[in-house]
Amino acid sequence: MQSFRVSINEIAGCESLPSSALFVQTSRRNLAAGSTHSAPRLGSTCRSRSAGSITRRNAFEATAVVPTAPESPPKATEVHHGVFVESPPPLPSHDDDSDLEVDSVLAKELSENGFKSTRRTKIICTIGPTSSSPEMLQILAANGMNVARLNMCHGTHEWHRNIITTIRKLNRDKGYSVAIMVDTEGSEVHLQEIDQPVKVEAGDEYTLTVRSGVRQDRTIGVSYDAFIDDVQVGDMVVVDGGMVSLEVLDKAGPDVTCRVVDPGIILSRANLTFRRGGGIVRAHNAMLPIISSKDWLDIDFAISQEVDFIAVSFVKTADVINNLKSYLRARSSKPIEVVSKVESYDSVPNIPDIVAASDCVMVARGDLGAQIPLEDVPSVQKEIVVRCRQMGKPVIIASHLLQSMMEYPTPTRAEVADIADVVRQRADCLMLSGESAVGAYPDKAVGVLRAVATRIEEWCRQEKHGNIVLPQLTQAPDGRTSEELCASAATMANNLGARAIFVFTRRGYMANFLSRCRPDCPIFAFTDKQDVRTRLNMRWGVMPFRLDFGQDPETNVDRTFELLKRRNLVKPDDLVIVVSDVRYSDKSAIRSVQIRHVP
Ligand SMILES: Nc1ncnc2c1ncn2[C@@H]1O[C@H](COP(=O)(O)OP(=O)(O)OP(=O)(O)O)[C@@H](O)[C@H]1O
Ligand SMILES: CC(=O)C(=O)O
Ligand SMILES: [K+]
Ligand SMILES: [Mg+2]
C-alpha cells in the first residue's frame, strides 16, 4: 500500500525566521522502513518473538503455553460499573527488546478496546484509610487512577511516605505510572482530630473548644485560637461546607456551646466556616499566611519524596504561587508542578492571575461551596475550566462527585449527571476525596468515573460538544510556531479522522499544546524523561510513553511504530499525525507535522 508523508518542517534554531517561514515538503515514504515484522494478532497464543524476546502483550498471552514465563497472572474481569475486581496482568515496565515504557492499564485498554475507547479525562484519588493497603492501591491503579492525592490535613509523614513507597513499587513492578500529589493543609479553621466520624442529630448540643488535647464526650477541639473571638452567639457554624450546621448558643472562655440544626456526620479535622445574617463571616484567620509553617514542613517533605505535584490550599492571590515556585526552583532538583486550589472567597476575583501563575488549577468545590453561595459554584467552575483551557493549564474538578458512594455501592443519577457535565466541559481531571479515602467503595467509585467519562467523551465527539475558541497563548516566535503546529496537527487529525496524534517531546510542552486543542483522537506523547511522562498523567487526552530518543527523528518515528505494533497498540495502515519537537544536545531541533500510515 502506498502512502505519502506531508511534512511541515521548520529549520532548527532559526529564531530570526518569521514563524511563517515553514517549508512544506512531500516525499514518498520508505515502504520498507520498519516493516519487517508482522504485527502479532490479538488473542494469538503464538510466541511472537521479535529481536529475541517476546513482546509485552504476548508475554501475557504466552504464559499459558510457556512454563518459563515469569508470571502467570489472572485475567482481569469486568463487573458492575466497569470495575476490575482483579488487577490486570502485571506487565514488566521494560521490554527486554525496547526502550519504550507505557502504563500497563493504558496498554491493556488500547489493545483490547482500540483508540476510540481510551479515556481522555484523568482520574485522581485521595488516599486514606480505606485505600492505603497495597492491595487497594493496586486495584485503584488497575482501574485507572492516574494521580494519587495525599492530604496533609491527615496522617503523619511516615504514613504518607509508606503510601508513596507502595505506589512507586507498584509502578515499578506492575507497569503503572501513577503520579503523586501532595495537598497542603493551609491556615483555615478546622476541627481537631477525632478517632471516629461522629453522627450528630438535630437538637444535640456540642461544645467546640480551643483548649488543646481535650477528649470528652460531645466536645471537639478547634484548631485556631481566635475562633473564640471571631464567633458570636447566634452565628451558624458550618462544618465541611454544610455537611453539618450548628447554631452558637453560648460562649464561655475557651468553650463555645452549639446546638445541631442540620444533622449529619462530622469527620476528623473537618473545616469550619461561620455565617451571620446569611453571609459568610470574614474571620481573623483570613489574615493568616496561605502557606503556614506546618505547610512549609510538608512542602519540604514533598520535595524530599520527589512528588510530581504540590496542591496549595486556600490560595487567594498569585503571589503565594510565585513565591512557592521560586522556592521549588531553588530547593528541588526535580521539577514539581504547583496546583492552585480555588476554594476561598478571596480567590474568586483573582482567578485570571492565579491561573496564569499556576501550573495546574483545582476547583475545590467542598470548601468553595462553604465560602461562596452554593448556587454560584457551577458558574465559577465553568469560568475556571474555560480559562484554564484557554491558558493551557490542566484543571481538576474536585469534591462530592460521588458523595453517596461513601456509603452506597451505586451512585445517584444526579451524581452521574454532574460527572457528565464536568466531562462535557472538557476538564482535565476528576478527583475523588472521601469516596476513595474513607468511603466503603473506593474501587467502584473509580469504576463509575471511568465508565461515565468514557461514555460521555464518546458522546462529545459525536455531538461536537465542548469546542471553544482558543486565543493565541504565546508571544515569542519560538512558542508561536509550536502552538500553531499543534493547532494545525489537531485540526488535521480531526478532519482526516486520524487514529492518534504522536508527539515527540522532551519537556512536554508540545503535548500540552495538543491537549489544549482537545482533539478527537488520543495524543500519544513520547518523552525520554520519566518525570515528564508521569506529570503528563494530568493532561486531558495525553497517553504518556517513555522512550529513549535516537539522534535521527525519522528513525525515532519508525522505531516507535515498530515498538507499538509489536504490542498491538497500533495496526498497519492506521492513520497517525506525527508531531515532533525534539531538541538535541547540540541545540539543534526539528519541528514537524507529518501525516503517516503505520507501515
Ligand atoms: N490520610 C488520611 N487519613 C485519614 N483520613 C483521611 C485521610 N485523607 C483523607 N481522609 C478523610 O477523608 C475525608 C475526605 O478527604 P479529603 O482529604 O479529600 O478532604 P477534603 O475536605 O475534600 O479536602 P481538604 O481538606 O483539602 O479540603 C477527610 O475528611 C478525612 O476524614
Ligand atoms: C478538595 C478540597 O480541598 C475541597 O473541595 O475543599
Ligand atoms: K488539604
Ligand atoms: Mg478544601
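Residues numbered from 1 in each chain as written. Chains lettered and ligands numbered in written order. Predicted model: local features only at pLDDT ≥ 70, side-chain atom pairs only at ≥ 80, totals over all residues.

- Per an unreviewed UniProt entry, the protein chain is named Pyruvate kinase, and its organism is Apatococcus lobatus.
- Entered under Catalytic activity (unreviewed entry) in the UniProt record, the comment concerning the protein chain runs "pyruvate + ATP = phosphoenolpyruvate + ADP + H(+)". (UniProt positions renumbered as here; feature names shortened; annotations may be inferred.)

### Digging into the sheet that holds strand E20 (residues 360-364)
Then, number 1: With respect to topology, eight strands assemble into a closed barrel ordered E6-E7-E8-E18-E19-E20-E21-E22, the strand pairing being parallel. Across this sheet, the average inter-strand angle for adjacent strands is 25°, counted without regard to direction.
Then, number 2: Sheet topology places strand E6 (residues 122-126) next to strand E7 (residues 147-151); three bridges connect them, and they run parallel. Its bridge partner being in E7, Ile124 is matched across the sheet by Val147.
Then, number 3: Most of the contacts of helix H13 (residues 442-463) go to E6, to which it runs at about 160°, and overall it touches E6 and strand E22 (429-432). (Pairing = 2+ DSSP bridges. Helix = DSSP H or I, 4+ residues; strand = E, 2+ residues; numbered from the N terminus. Axes fitted to C-alpha atoms, helices over the stretch in contact; angles between N-to-C directions. Contact = placed C-beta atoms within 7 Å.)

### Quick word on the pairing of strand E14 (residues 255-262)
Then, number 1: As paired elements, strand E10 (residues 205-209) and E14 share five bridges and run antiparallel to each other. Among the inter-strand pairings, Leu208 is bridged to a residue of E14, identified as Val256.
Then, number 2: Bridge analysis of strand E13 (residues 244-252) against E14 gives seven bridges, and the strand direction is antiparallel. Residue pairing in the sheet places Leu246 in a bridge with Val260 of E14.
Then, number 3: The antiparallel hairpin formed by E13 and E14 contains two residues in its connecting segment, where Gly253 sits at a positive phi of about 55°.

### A closer look at the domain arrangement of the protein chain
Then, number 1: According to the domain assignment, the protein chain consists of domain 1 (4-72 + 470-597), domain 2 (120-181 + 290-463) and domain 3 (198-287).
Then, number 2: Each of domain 2 and domain 3 has a C-alpha centre, and the two are 27 Å apart.
Then, number 3: With eight residues of domain 2 at the interface, the matching set in domain 3 holds eight residues.
Then, number 4: Of the residues contributing to the side of domain 2 that touches domain 3, the split by class is three nonpolar, four polar and one charged. (Domains from an automatic or database assignment. Nonpolar A, V, L, I, M, F, W, Y, C, P; charged D, E, K, R; others polar.)

### What about unusual backbone geometry?
Then, number 1: A positive phi is found at Arg218, a non-glycine position, where the angle reads about 60°.
Then, number 2: Positive phi outside glycine occurs at Asn568, with the angle close to 65°.
Then, number 3: You can see Asn568 is positioned in the loop between helix H17 (553-566) and strand E26 (575-583).
Then, number 4: Accessibility expressed as a C-beta count within 10 Å gives 23 for Asn568, which makes it buried. (Buried ≥ 20, exposed ≤ 12 C-beta atoms within 10 Å, placed from the backbone.)

### Comments concerning the sheet that holds strand E12 (residues 236-239)
Then, number 1: Strand order in the open sheet formed by seven strands is E11-E10-E14-E13-E12-E16-E17, with mixed pairing between adjacent strands. Pairing within the sheet leaves two strands with one partner each, and these edge strands are strand E11 (219-221) and strand E17 (279-280).
Then, number 2: When E10 meets E11, the two strands line up parallel, connected through three bridges. Residue pairing for E11: Thr207 is matched across the bridge by Thr219.

### Regarding the nonpolar core
Then, number 1: In terms of nonpolar packing, the biggest core is built from 126 residues, with Met181, Ile310, Ile501, Val503, Leu514 and Val579 touching the most fellow members.
Then, number 2: Looking at this core element by element, the count peaks at eight residues for H13.
Then, number 3: Each of domain 1 (4-72 + 470-597) and domain 2 (120-181 + 290-463) contributes no fewer than three residues to this core.
Then, number 4: With residues up to four places along the chain from it excluded, the contact list for Val579 reads Leu485, Cys486, Ala489, Ile501, Phe502, Val503, Met510, Leu514 and Val593.
Then, number 5: If you look at the next biggest cluster of nonpolar residues, it comprises 25 residues, including Val189, Val222, Val260 and Phe274. (Core = buried A, V, L, I, M, F, W, Y, C linked by C-beta atoms within 7 Å.)

### Considering the packing of helix H11 (residues 413-424) against H13
Axis angle and axis distance: for two packed helices, these are the angle between their axes and the distance between the axes, and together they describe the pair.
Then, number 1: In contact at an axis separation of 9 Å, H11 and H13 are set at 50° when each is read in the N-to-C sense. Here H11 lies oblique to H13, going by the angle between them. The two elements H11 and H13 cross, and the hand of that crossing is right-handed. Note on element contacts: H13 touches H11 through Leu449, Val452, Ala453, Ile456, Glu457 and Cys460, opposite Val416, Ile419, Ala420, Val423 and Arg424.
Then, number 2: Across the contact of H11 with H13, the residue classes break down as nine nonpolar, no polar and two charged. (Parallel < 35°, antiparallel > 145°, perpendicular 65-115°, else oblique. Left-handed = near helix turned anticlockwise from the far one by under 90°.)

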